[in-house]
Amino acid sequence: MDKQSRKSLSKQYKDREVIGGVYRVVCRPTGQFWLKKTTDMQGSKNRHDFSIITNHCPEPSMQACWKQYGAKNLVFEEMELLTKKEAQSFESFSEDVGVLLEFWEEKLGHGTGE
């Protein structure tokens, strides 16, 4: 790859829209869920999908449901999305996502659903 192409790809990456937020992984048969925050919603969704494909439980607290009901019964649900503002620092964006998680924890009555 030439230098100009590399610069162009780098600029595209830096200029991409960054979307984070709050999601949960729900065990369909039981309704149990794990509430999570992320600064990269698509990346979190991709990791979840990869875990399902490879049948590798991503988190020890999910292991019992994973084994009992199977990976395909743990579904990824976006709760609320948050877009990073152009002038916003990553740290500030991460803090905003954390506040959003606290809101959802209060709304749902607990943190991990356990």
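These numbers come from a predicted model, not from an experiment. (Residues numbered from 1 in each chain as written. Predicted model: local features only at pLDDT ≥ 70, side-chain atom pairs only at ≥ 80, totals over all residues. Heavy atoms only, no water.)

A short note on the pattern of salt bridges
Next, step 1: Applying the stated criterion across every chain, the model contains three salt bridges.
Next, step 2: As a salt-bridge pair, Arg24 and Glu77 come within 2.9 Å of each other at their nearest N and O atoms. Here the residue Arg24 occupies a position in strand E1 (residues 19-27), and Glu77 occupies one in strand E3 (residues 74-83), the gap between them amounting to 53 residues.
Next, step 3: Across the salt bridge formed by Lys45 and Asp49, the nearest N and O atoms sit 2.8 Å from each other. Placement of the pair is Lys45 and Asp49 together in helix H2 (residues 41-54), with a separation of four residues, close to one helical turn.
Next, step 4: Judged by its relative accessible area of 30%, Asp49 falls in the partly exposed class. (Salt bridge = Lys/Arg side-chain N within 4 Å of Asp/Glu carboxyl O. Helix = DSSP H or I, 4+ residues; strand = E, 2+ residues; numbered from the N terminus. Buried < 20%, exposed > 50% of the residue type's maximum accessible area, 1.4 Å probe, protein only.)

Structural notes on the sheet that holds strand E2 (residues 33-38)
Next, step 1: Taken in spatial order, the three strands of this open sheet run E2-E1-E3, and their pairing is antiparallel. Of all the strands in the sheet, the pair left with one neighbour each is E2 and E3. When strand polarity is set aside, the average angle formed by the axes of neighbouring strands in this sheet is 15°.
Next, step 2: As defined by bridge partners, E1 adjoins E2 across six bridges and the pair is classed as antiparallel. If you follow Arg24 over to E2, its bridge partner there is Leu35.
Next, step 3: Sheet strands touched by H2: E1, E2 and E3. Its angle to E3, the strand with the most contacts, is close to 170°. (Pairing = 2+ DSSP bridges. Axes fitted to C-alpha atoms, helices over the stretch in contact; angles between N-to-C directions. Contact = heavy atoms within 4.5 Å.)

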